[in-house]
Each structure stands twice: as structure tokens, then as C-alpha cells.
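Letter by letter, the chains look like this.
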Amino acid sequence: MSVAIDPATVSAVTPERARRQKDPKESYRPNWTTTILLILASLTVLIPLYFAIAMSLKTAAEAASGTGLSWPWPMQFGNFAEAWTLTDFPRAFIISLLISVVSVAGAIVLSSLASYAIARNWDHRGFRYSYFYLLAAMFIPFPVIALPQIKLTAAVNLDNPLGVALLHIMFQLSFSVLLYSAFLRSIPHELEESARIDGATTWQVFWKLIFPLLAPMNATVGIFAFLASWNDFMMPSLITADSRLQTLPVVQNIFQQQFNTEYNVAFASYLMAMAPTILVYIFAQRWVLSGVTRGAIK
Amino acid sequence: MTATASRGTQRRAPSADTPARAGRTGKPRVEPIFYAFLFPAIALFSLAITLPALIGMFYSVTDYVGFGEYDFIGFGNYAALFTDPRILSSYGFTMGFSLVTVIAVNAIALALAIGLNSKIKFKTALRGIFFIPMVISGIVIAYVFNYLFSNTLPTLTGTGSILVDPNLAWLSIVIVTAWQSIPSAIIIYLAGLLAIPEEVYEAGSLDGATGWRQFTSITLPLVAGYVVINTVLGFKGFLNAYEIIIGLTNGGPGTATFSVAMTIFTGFTSGDYAYQMANAVIFFIVTVVVSILQLQLIRRRGVSL
């Protein structure tokens, strides 16, 4: 079944593909000036990362003196163990992961269902207005409604990671609905009609036919939801009342308070906080980039 | 039947996007299950976003301090906002910072996108590197840059740290915010550049358009729409600057880098809850107005480019 749909999916990436296929045919003379300029520019990304790695392997004395750019020898891997226990890394990591997973799942399920209902009932005023209602939130940033939200979440016992995940889903909803609605328009109606003739209910049509077809958009929505949720500092730090339930980015602030001379341990901790997404990104680079590019084109 | 159909078409005509019309016209009734599909999103959204927004607007016309009783004071909070130097300076800083950052991000991202889109060596690796900042948490990278600005740079250059210089501290926030925001802007520009057909450049080069001329006469006009997207999205995000400031200067030195978002959050601890809610309402209006202004100004310019 999914093979039949491929044209719709492929059409979204055609320009890219066409270009890529064209390249080998042309005489490929690399532009070395541009290449060298870009390599130099890439140092602005690489040097801070190198610096973080170098710092995390120093002794406290080495880290407190000099520019911090020299490579330490011998390397102090013990810093990571110390940072691990200081921040209670496994707990913060699991809480971050839980929030992110719930956010991703929630954003995908809630907005794909809503978008499908809206797209198939566009002729009805209620659904059309719902679309604009959900989209209007793009102009409501978190700080605008933060104060009442903090009070409300506390009042209904959601001043915890679950509440944070719920808010992450809500702030992701506008963008996700926008992406899904654009994509749903490209899915031909005949497919659904034929499934209905075979006796499928709307519920089955959605989960067995539409949802699998939405796979590329699910990936895009999921990547955006994950990055926004995993890296967020503002909402968990303001919503979660219990400091033992804080996420990985938030727990890094302990180094701003009591341990501010131990830069080496702090940087070991920063590195561990950055590592998960960087590693996933490096291994899934092609997939992640095609996902976010799809978001950009829509 | 014909009359109904044509009226329906007319009614729908203004909205450009009319998905899923074919095959549906003969079926005016909505299948109940679609309400069930839509309901969870609308209900949760109303509770989590709309309700707090309404509560906030309500408190903004009271003298509520966050607990206890309160009275209605009309627009007193709003009037006070416009003469409060702390509020005005936070808006001044936030707008200025956002403006500089959005220009820097767009200029650098467009340059990098053009570079990454040209015939270069190590294309995949370079793209991979430039997108790394996108996956890193803002607060963590701000902590890393904090040390670079306060220790490494002063040691290398023999000058003081820009983080404690009231005139330069904002620059550190621009740098780190740009560092983190450039990748997503590059992605949007790459999408725009890929949409320009090769033939346009070939035709242009026959007429002698190369290098800078090619950029101003072909590339720039054709990615103008993407400049709009990046400007609106970027500016909207930068107005909410929070965690990078927390990680770098924490609003200091003094209140030199205190953003609007940070000021609003003080409403929770400083007892002026209602006052900061009025600030939040103004901030929302500013966000919307700025976005609309940008869309219109840049659209108009985009045509004549």
C-alpha cells in the first residue's frame, strides 16, 4: 500500500534529488576558495566544542588558569565520574528523556489526529476556525502566559515533569498542525475512498492508512518536538517545583552556585549534557537533516 | 444544487488553502468521530494556553500580588508600565538585541548557505558541522561561552571581560544567540537556494551576471521570501531571550542585559504579579505588531528588489 503513495512523498524532495543526480554529470571542479572559507568558519563551531572537551579533562588547577585552550596531559577522566554523581546524571537524564518522549508522542498523536479532522472537514466552519485557533498560538510565547501557567500547573498538581511535557506539546501544537495540514493536502482522496469501500471505519482509515503515510511528517514533527523539549531550560526550571525532578539542562546550574571553582568538573558535566543529542545527530545526520529540511520547505 | 455549490465556492475562495474538497461535496454532515479526533487537541490547548492567557489578562487590571485578595484598578498597571525605567530599559535592550541578532543571523546564514550550496569539497562534513549548534541546549552552550568570554578572551587579548562591561555585555548575548540560531536559518536558506532552477543562473551568466552581481540580481531576489521567514521566526524567538542571558550575564552588569522575559518572571517573586501580567499583555501585543510590521515591510521591499 505504501508503495502506491510514493509519488506524493517523493515529489516533496524532487528538486533536491534532481540536483544531486545532476552533479556527477557536470565537470565537478570544487571551489577551493569557498571550501577554505567554510572550513575557517566551521572553527567557530568546533573551537567551543574542543574547548569544552579540553576543559573537562583537566585538573582543577589547570582549568582555573590560562586560556583553557591547551590540551591537558595526563587526561583526568575522573572528572566525569565526579560530575556524574554531583548532578545525579542518571536521574536527570531519565527525567529529560521521559519529558522528551511524552512530548514527541503527544505532539505527533494529538496534532496528526486534529490535522486530519480539520483537513477532511475544511468545509465546516467549526473545523476551519479550529485550525486558525490552534495556529494563533504561534504568536503566544511562553513568557506571556508563564505566570498564570505556573499557578495553574501547581493548582492541579502538574508542577512536575508531566506538566512540563504537556506544556511542551501545547507549545509545539501550532507548528505541528501547520506541517501536518500542508502534508495532508497532498494525499489523494481516492486512497481513502477505496479503503472505505473495503469497509474500513474512519478510525481504521486513519491508523492503518493515513498515519503510515504521514511518516515523513511524523519524523519532522518528532525531531522538532524532541529538540525543543530536550534542550528546554525555561519551562522545566519555572514549572517543576521539586528540584530533584529537574531535567539535564536545568541541573547544570549547580555549577553556577556552589562549585564555581571546579571548572573541570563543570565542563565534564556540560559535555555529558550535550553529548546525547550530538551523538544521536552524528549517527542520524542524514535522517535528521532531511527531517528538518522538510519542515523548512513547508 | 448548482446555486449551493457556487455559493460554497465563493465562501471558500478567500482562503487559499482548501484541502480535501473533492468527493466531499455530496456529504455535508460531519462524521462524529472527527469531533473526537479534534477534541483532545482543542480541549488541552484551551486549558493550557487560552485559559492562562485569559486569567493573565484578568489579573492585569487588578492589584493582585500573587496571593490573597485583590481589587480592580483599571488600567493603572498599564499606565505605570510606560513610565517605569526598569520596564522601558528591558524593552530597549530586548528590541535592540533582537534587531542586531536577526541581521547578523540572516547575513551570516545566507552567506554560509550559499557557500554550502556551491561546489565545495567535504560538503557533507561541513554541513554536518555547521548544524551541530542546533542540537545543543542554549543554557549549556551559554555556560561554555561564559568561560570563553570571562577567562579565555581576556587572557588572550589582555583586555577585561565583556560580560562585566555594561556597554559590551549585550554583544556576548548576540554572539551566543546567533551561534545557536544560525543552523536553522541556514536550513531555510538552503531550501530556498535549492528551489532556484540552475537555468536561471545559466541565463544570468550568459548576460554576464557572475559573482556579486549574480548574488544581488538573481539569488537575493529569489530568496527574498525566505529572508522574510527567517526574519519573522528569528525576531519572534529572540524577543523571548532568556536562557542564554541567564547563562552569560544573568541580566547584568546591573540591569544592562535584563530582557523582557526575565522581567516578567520577576513578577513571581517580587510581589508585582498583576503589574508583570500587564507587562506580559503589552509584550504579546508588541510581538504580534512586530511580526505583522515585518511581514508587510519586507513583502513590499521584496517586490521591488
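Computed from a prediction, not measured in an experiment: that's the story for all the values here. (Residues numbered from 1 in each chain as written. Chains lettered and ligands numbered in written order. Predicted model: local features only at pLDDT ≥ 70, side-chain atom pairs only at ≥ 80, totals over all residues.)

Participant: Explain the overall build of chain A here, please?
Facilitator: Summing up its helical and strand segments, chain A has 17 helices and zero strands in all. Counting across all 298 residues of chain A, residues that qualify as buried make up 45%. Considering only contacts within chain A whose residues lie at least 6 apart along the sequence, 78% involve residues at least 24 apart. (Helix = DSSP H or I, 4+ residues; strand = E, 2+ residues; numbered from the N terminus. Buried ≥ 20, exposed ≤ 12 C-beta atoms within 10 Å, placed from the backbone. Contact = placed C-beta atoms within 7 Å.)

Participant: Would you take a moment to explain the interface of chain B and chain A for this structure?
Facilitator: The figure often quoted for interface size is the accessible area lost as the parts come together. Contact residues are listed per partner, giving 77 residues for chain B and 82 residues for chain A. Of the residues forming the side of chain B that touches chain A, the biggest block, 15 residues, is contributed by helix α2 (residues 32-59) of chain B. The residue makeup of the side of chain B that touches chain A, split by class, is 54 nonpolar, 16 polar and seven charged. (Nonpolar A, V, L, I, M, F, W, Y, C, P; charged D, E, K, R; others polar.)

Participant: Can you help me understand the nonpolar core in this one?
Facilitator: One broad rule of soluble globular proteins: the nonpolar side chains tend to lie buried together. If you look at the biggest cluster of nonpolar residues, it comprises 168 residues, and the most contacted ones within it are Y270 of chain A together with I186 and Y189 of chain B. Ranked by residues supplied to this core, first place goes to helix α7 (residues 169-194) of chain B with 16 residues. For Y189 of chain B, the residues in contact, after removing those within four places along its chain, are A109, L110, A113, V223 and Y226 of chain B. (Core = buried A, V, L, I, M, F, W, Y, C linked by C-beta atoms within 7 Å.)

Participant: How do you make sense of unusual backbone geometry when you look at a structure like this?
Facilitator: Residues other than glycine predominantly adopt negative phi, and peptide bonds predominantly adopt the trans conformation. In this model, W73 of chain A is joined to P74 of chain A through a cis peptide bond whose omega is -5°. Along the chain, P74 of chain A falls in the loop between α4 (60-64) and α5 (78-86). A cis amide bond links G252 of chain B with the next residue in sequence, P253 of chain B, at an omega value of -10°. Within the secondary structure, P253 of chain B is located in the loop between α11 (243-248) and α12 (260-265). One non-glycine residue, F122 of chain B, adopts positive backbone phi at about 55°. Considering the arrangement of structural elements, one finds F122 of chain B in the loop between α4 (85-117) and α5 (123-130).

Participant: I tried to follow the packing of helix α6 (residues 89-120) of chain A against α2 of chain B on my own but got confused; where do I start?
Facilitator: Describing two packed helices takes the angle between their axes plus the distance from one axis to the other. As a packed pair, α6 of chain A and α2 of chain B sit with axes 8 Å apart at the nearest point and diverge in direction by 135°. The angle between α6 of chain A and α2 of chain B falls in the class oblique. Crossing of α6 of chain A over α2 of chain B shows left-handed handedness. Listed contacts from α2 of chain B to L110, S111, L113, A114, Y116, A117, I118 and R120 of chain A of α6 of chain A are F34, F37, L38, P40 and A41 of chain B. Looking at the contact of α6 of chain A with α2 of chain B, its residues break down into eleven nonpolar, one polar and one charged. (Axes fitted to C-alpha atoms, helices over the stretch in contact; angles between N-to-C directions. Parallel < 35°, antiparallel > 145°, perpendicular 65-115°, else oblique. Left-handed = near helix turned anticlockwise from the far one by under 90°.)

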